[in-house]
Amino acid sequence: MPPISTTLAGATATAPPRTGSEFAPLLRSVRDAGLLERRTGWYALCIAVNALTLAATVTGLLLVGDSWWGLLLALPLSLGWARTAFLGHDAGHAQITSGRRSGRVLGLLHANLLLGMSYGWWNDKHNRHHANPNHLDKDPDVGVGAMVWTQRQAEQRAGFARWLTRNQARLFLPMLMLEGIALKVSGLQDLKRQAPRERAVEGLLLLLHLVGYASLLLTVFSPGRALVFALLHHALFGLHLGLAFAPNHKGMEMPDGQDEGWGHLRRQVLTSRNVRGGLVTDWVLGGLNYQIEHHLFPNMPRPHLRRAQPLVRAHCAAVGIPYTETSLFDSYRQAFGHMHEVGAPLRK
C-alpha cells in the first residue's frame, strides 16, 4: 500500500479487535448531533439550480446554432451531468428522502431520463461495493475488467489485456474518456437481469433520453458536428466522474479473506481515503471527498459529511484505526502509483 499522507499518530491497521462494537459509540454521537436527519430543502435547492443550469446550457446550444463554437458548451453540459449523477447517487443512498419509492423516482429521473444511465444497474453495483469495499471477491469495482487492481489479477492477463495492464497507469485518463459511454452500455446490458416491470420502466426512460438527446443535437447541429459534440461531451463527462471516484479507494487496503473480525468501522475506514479541501472541492467531487464518512453513514445527507468528519476522526484516534486524508493531487499520485505498481511485473 502506498504511504499514507496523513494518519493519526500511533494508529495501526492491525490493532486487535476490541470487545463490543467499535462503531456503536460513533453512531450514537452522530445521531445525537442530528447528522442523519434529512436536508430536504438543501437538496430541493440543488435539484432546482442543476435543472436551471442544464436548461440554460440547452438554451445556449439553441442560440449558438450549427457552429463549431457550440462545442464549447460540451464542458458546462458535462459539469451539469456530473451534478446530476451525484444527485442520483445520493437518491440511491436515501440521503434525499427516507421514502424508498420517492428515492427511486428521483434516481430514475436523474439517472435514466437525464443521463441515459440505468439507475437499477448502478444502485445494485454500488450497494455491493459499499457492503465490501475493495474486497477482491465481493466488490465489483475491483473485479477484473479493462483494468486490474492486484498483481495476482495482472498475472492472469494475456494478449492485448496484458499490454493494457502493463501500461494501465498511463492509459487510465484516456480510458476514463470512454466511461460516459461505458456506463450507458453496462446499464442497457443489465436490463435483462431486471424484473419485467422494472425493465419496462427503466427501458422506456432510457429510450426517452436517447430520443431527446439525439433530437436536440440534430436540431442544433449538422450530423457531423452533432456526433463530434456527443463524443466530446461524453468524454468530458466520463473523465470528470472518473476523477471524482478515483481518489476514494485506489491504493488502500484490499481485503481478501484476511478481514475476519473486521467490523463495519474497520472495513469502511481502512479501505477509504478522504481528500482535503474546501467548498470548491466539495462541489467538484460531489461530497465524495468525505469518502470515509460517506462509507460509514451512506444515508447521511451530503452537507452533513463535513460536520461529521471531526467526530469520525476523533473516534478513529480513540480506537486506534488509521484515518487517511490527503490532498487531491496526492490522492491521484497514490492511485496512479498503485496502478503502476500492479502492472510492474508485466514490464520486466
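Rules and cut-offs
Residues numbered from 1 in each chain as written. Predicted model: local features only at pLDDT ≥ 70, side-chain atom pairs only at ≥ 80, totals over all residues. Heavy atoms only, no water. Salt bridge = Lys/Arg side-chain N within 4 Å of Asp/Glu carboxyl O. Helix = DSSP H or I, 4+ residues; strand = E, 2+ residues; numbered from the N terminus. Buried < 20%, exposed > 50% of the residue type's maximum accessible area, 1.4 Å probe, protein only. Expected span 1.5 Å × (residues − 1). pLDDT = per-residue confidence, 0-100. Contact = heavy atoms within 4.5 Å.

A. Inspection of the pattern of salt bridges at higher detail. Tallied over the entire structure, the rule returns nine salt bridges. Between Asp124 and Arg128 there is a salt bridge, and its shortest N-O distance comes to 3.3 Å. Here Asp124 and its partner Arg128 are both found in helix α5 (residues 119–131), four residues apart, which amounts to about one turn of the helix. On the accessibility criterion, Asp124 (30% relative accessible area) is partly exposed. A relative accessible area of 40% means that Arg128 is categorised as partly exposed. Arg193 is the salt-bridge partner of Asp190, the closest N and O atoms lying 2.6 Å from each other.

B. Local environment of helix α15 (residues 302–319). Given a rise of 1.5 Å per residue, 18 residues ought to cover 26 Å, and the 25 Å separating the end C-alpha atoms of α15 matches this to within 8%. When α15 is considered as a whole, its buried residues turn out to be Arg302, His304, Leu305, Ala308, Gln309, Val312, His315, Cys316 and Val319. Directly after α15, the chain includes Gly320, whose backbone phi takes a positive value near 80 degrees.

C. Layout of the confidence of the model for the chain. Summarising the model, the chain shows a mean pLDDT of 91, and 93% of its residues fall at 70 or more. Counted against residues more than four places away or in other chains, residues 1–19, with its pLDDT under 50, gives 39 contacts.

D. Summary view of the environment of Leu106. Mapped onto the elements, Leu106 comes out in helix α4 (residues 100–115). For Leu106, a relative accessible area of 21% puts it in the partly exposed group. When the C-alpha atoms of Leu106 and Pro133 are compared, they prove to be 25 Å apart, with 27 residues separating the residues in sequence. Leu106 has contacts with Ile47, Ala91, Ile96 and Thr97, leaving out every residue within four places of it along the chain.

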